[in-house]
Structure formats: structure tokens, C-alpha cells
Amino acid sequence: MNNSLLKLIRHDWRLNEVIELLNRPLFDLIFSAQEIHRVYFKANQVQLSRLLNIKTGACSEDCSYCSQSVHSNSAIKPQPLMELEAVVSEAKEAKAKGATRFCMGAAWRSPKRKDFPKILEIIKAVKALGLETCLTLGMLDREQAEQLKAAGLDYYNHNLDTSAAYYEQIVSTHTYQDRLDTLANVRNAHLKMCCGGIIGMGESMADRAALLHTLANLPEHPESVPINQLIPVAGTPLENASKPEPFDIVRCIGAARILMPASDIRLSAGRTEMNDELQTLCFFAGANSVFFGEKLLTTDNPGVEHDIQLFKRLGISVVG
Ligand code: SAM
Ligand code: DTB
Ligand code: SF4
């Protein structure tokens with residue numbers, strides 16, 4: 001990116017500016033977001049990431065939205081860390097279908113010492129396939145982040161999920177500061193950062209503004225910002241959460257595009273609950289990445305054929 005564009009990237013957003021963006025007439029917000037999008041990215045392109053849950057359930061944490069928490073009554077059957085060969089075979093298939101990044105998730109508070117060497121082997125093997133690698137394993141210390149970087153990891157996903165104030169109502173087993181500390185360790189190791197949040201947990205517009213404000217004022221913007229719509233999973237404390245106003249997700253995406261102009265904004269979980277027209281508005285507001293493939297971690301995602309047809313109908317091409 002040329003220097004003058006870099007200079008336009010701000011890290012000093014004021015909260016009232018973020019609130020103003022979220023409250024703009026929708027067309028004004030989308031118009032500005034689309035203008036900015038075209039300065040930093042080629043128009044009409046989408047990047048595809050594939051998710052794989054490499055360790056399922058029995059997580060010690062009590063995140064109210066999560067099917068994999070030991071505190072939830074969801075129907076998830078715990079599974080230990082997958083074998084290297086099985087992960088590689090899934091990664092090969094993801095590449096064959098057009099994904100450029102392979103994102104592996106583990107239901108951990110933080111990675112266990114005994115599992116870490118296997119994680120490093122998995123990263124090396126997936127990277128050797130010519131895929132970008134992304135991991136989400138919970139909290140990392142400095143040394144773990146450095147070891148992952150040395151093994152060839154490209155991205156680390158660790159979401160802030162909501163505002164600092166509302167986070168306490170969603171999780172009690174770790175703090176917002178714990179999340180920020182891991183993000184600092186990720187940056188210290190020169191890993192790329194994937195960090196975003198969830199819409200639809202009963203948070204207010206002010207909480208969404210505060211989350212976007214925190215993300216946009218990090219010392220460096222996350223290279224990737226996933227915006228998830230809550231998938232209300234049966235047996236979790238948020239199973240009966242009401243669905244957010246559909247245009248609110250468009251607003252959050254548009255605001256994220258304006259605040260973090262050079263970052264990929266990923267329309268993440270919740271697409272099965274959105275029709276094609278709503279997803280289209282999200283792309284129009286600046287989303288340029290999705291999770292691709294029938295499954296997210298434990299829940300469903302739109303079918304691959306359906307997504308391919310949607311991109312075709314919109315004249316969107318796939319990056320990579
Ligand atoms: N244990 C790790 C952690 O908490 O960072 C990694 C896995 S965790 C499942 C990754 C992210 O998935 C969460 O931070 C949250 O943003 C998203 N997520 C989990 N369950 C979700 C749900 N039911 N609906 C929407 N997003 C969800
Ligand atoms: C992110 O922001 N969303 C992904 C990924 N990062 C790890 C996870 C979505 C999970 C949706 C619920 C599930 O499948 O369990
Ligand atoms: Fe789920 Fe991650 Fe929270 Fe564990 S730490 S309950 S896997 S979101």
C-alpha cells in the first residue's frame with residue numbers, strides 16, 4: 001500500500017464518531033463505506049477462509065454464546081485434538097474448493113503444554129500445502145505466540161466479541177483485559193491478527209460502538225475483522241436471544257469498513273439465518289471475506305454451491 005493511503009489510516013477515533021457512523025442514514029453509511037472500500041481494495045472480490053474445529057467441546061470457559069463450553073447443556077460431544085493426517089486431508093479439500101486460508105479452532109481456555117508440539121506440526125503441514133494458516137486456541141502467552149510464528153502461522157484469531165462493559169455479562173471465567181493481553185502477545189510475535197465480535201447477544205448499539213472503537217484504536221488494526229451474528233445454540237444461556245435487526249449487521253460492517261479501511265471485514269457466523277439480499281447488502285457495505293464450507297466450528301454454514309451461485313449472480317470473483 002502506498003504511503004499516502006497508509007497515512008489516512010486512523011487510530012485516534014473518538015467514540016462519538018463511531019456512534020455517528022452507526023446512526024447515519026443507511027444509504028449514506030453504505031455510500032461512504034463503498035467509496036473507501038474501492039480505494040483500499042479491488043471491487044467485487046471476496047476472500048474465502050475455511051474453518052475446521054480441531055478440538056471439540058469440554059472447554060473450561062463459560063462464554064454464554066458457546067456450544068463448546070463445559071458449562072453449557074448443548075448436544076456437542078467432546079472430541080480430543082485431531083490427528084495431523086486428518087487435519088491435512090481436510091485442508092487439502094478446502095484448498096481444492098477455493099479457500100486460500102485454513103482456520104483451525106480449538107475449544108480451549110489456552111493451549112495445553114502437551115498438545116503444543118502437535119499444533120506446531122499441524123501448522124507446518126498445512127502451510128506446506130500453500131494455504132495461509134490461522135489458529136484460534138484461546139489465550140496465548142508471549143512464548144507460545146513466538147513458537148507459532150516460527151512454525152509458519154500467518155493469523156491468530158482472538159475476538160473481543162463485545163464491549164468491555166458488556167463482556168462481563170457474557171463471560172466470567174476470563175476478562176476483557178485477558179483478551180487484550182493475548183492480542184498484544186500476538187502482535188509482539190509479528191503474527192497477523194484476526195479480531196472481531198458478535199452481534200445479537202442482547203448488547204446495545206452503544207456496546208457495538210464501543211467494540212468497534214476498541215478495535216479501530218488498537219495500535220495496529222487487525223488485518224481481519226470477523227463480524228459474527230449470534231447463532232443461538234440450544235443448551236447455551238443465549239439460546240433464546242432475539243435475532244438482531246437485520247440492518248444493524250450491515251451498519252456494523254459499514255462502520256468497520258470506514259474505521260479500518262485496509263482490513264478484511266469478514267461476514268462470519270450467522271449467514272444461514274440471512275437471505276441472499278441481506279448478505280448482498282453486507283458485501284455492498286464493505287464485507288470482502290466469508291467462511292466457506294458447509295460447517296463453521298460446530299454449526300452449519302451455507303452450502304458451497306449456494307455461495308458460488310451467489311457470487312456469480314453478484315459478479316463477485318474469488319481472491320486467489
Ligand atoms: N476458544 C477460543 C476462543 O474463545 O478464542 C477459540 C474458539 S471460539 C469458538 C471463537 C469465536 O467464535 C468466539 O470468540 C466467537 O466470536 C465465535 N463464536 C462462538 N460461538 C458462536 C456462536 N454461537 N455464534 C456466533 N459466534 C460464535
Ligand atoms: C470467528 O469470528 N468466527 C468463527 C471463527 N472466528 C473461529 C467461529 C464461528 C463459530 C460459530 C459457532 C460454531 O460453529 O460453533
Ligand atoms: Fe467457547 Fe472459546 Fe469460550 Fe471456550 S473459550 S467456551 S471454546 S468461546
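Residues numbered from 1 in each chain as written. Chains lettered and ligands numbered in written order. Predicted model: local features only at pLDDT ≥ 70, side-chain atom pairs only at ≥ 80, totals over all residues. Heavy atoms only, no water.

1. Thoughts on the packing of aromatic side chains
Between two aromatic rings, the relevant description is the distance of the centres plus the angle of the planes. Note the threshold: Aromatic pairs are defined between Phe, Tyr and Trp rings, using the six-membered ring for Trp, whenever the two ring centres lie within 6.5 Å; interplanar angles under 30 degrees are classed as stacked, those over 60 as edge-to-face, and all others as tilted. To sort residues, take the accessible area from a 1.4 Å probe on protein chains only and compare it with the maximum for the residue type: under 20% means buried, over 50% means exposed, and anything in between is partly exposed. Think of it this way: any DSSP run of H or I at least four residues long counts as a helix, any run of E at least two long counts as a strand, and we number them from the N terminus.
For the structure shown, the criterion picks out two aromatic pairs. For the pair Tyr167 and Tyr176, a centre-to-centre distance of 5.4 Å together with 65° between the ring planes defines the contact as edge-to-face. Side by side, Tyr167 and Tyr176 carry an identical accessibility label, which is buried. Their ring planes at 65° and their centres at 6.1 Å tell us that Phe283 and Phe311 sit as a pair that is edge-to-face. Taken together, the positions of Phe283 in helix 11 (residues 276-284) and Phe311 in helix 12 (residues 304-314) put the pair 28 residues apart, joining distant regions of the chain. According to the relative accessible area criterion, Phe311 is buried, its value standing at 3%.

2. Considerations on the site of ligand 1
Rule in force here: When at least one non-hydrogen atom of a residue lies within 4 Å of a molecule or strand, that residue is treated as near it. N or O atoms closer than or at 3.5 Å make up a polar contact, with two conditions inside protein: a donor-capable atom paired with an acceptor-capable one, and, for residues adjacent in sequence, both atoms drawn from side chains. Only the protein chains shown count as cover for residues, and the accessible areas themselves come from Shrake-Rupley with a 1.4 Å probe. Note on residue categories: nonpolar means Ala, Val, Leu, Ile, Met, Phe, Trp, Tyr, Cys or Pro, charged means Asp, Glu, Lys or Arg, and polar means any other residue, Gly included.
Close contacts around ligand 1 come from 16 residues, with Thr136, Asn159, Asp161, Arg179 and Ile231 the closest. In the environment of ligand 1, a nitrogen atom lies 3.4 Å from a nitrogen or oxygen atom belonging to the backbone of Ala106. Here Asn159 contributes a side-chain N or O atom positioned 2.8 Å from an oxygen atom of ligand 1. Contact with the protein chains covers 90% of the free accessible surface of ligand 1, which is 550 Å². Residues belonging to the shell around ligand 1 are distributed by class as follows: eight nonpolar, six polar and two charged.

3. What about the UniProt feature "binding site: [2Fe-2S] cluster" (unreviewed entry) in the chain?
Selection criterion: UniProt positions are given in the numbering used here, feature names are shortened, and annotations may be inferred rather than shown by experiment. We call two residues in contact when some of their heavy atoms are within 4.5 Å.
With numbering matched to this structure, UniProt assigns "binding site: [2Fe-2S] cluster" (unreviewed entry) to Cys103, Cys134, Cys194 and Arg266. Over a stretch of 164 residues, the named residues converge on one spot in the fold, their C-alpha atoms separated by at most 13.9 Å. Tracing the backbone through its elements, the reader meets Cys103 in strand 2 (residues 101-106). We classify Cys103 as buried; its relative accessible area is 4%. Discounting residues that sit within four places of it in the chain, Cys103 has contacts with Ser49, Arg50, Leu51, Leu52, Cys134 and Phe291. Among the secondary structure elements, Cys134 is positioned in strand 3 (residues 132-136). The residues contacting Cys134, other than those within four sequence positions of it, are Arg101, Phe102, Cys103, Met104, Leu153, Tyr155 and Asn157.

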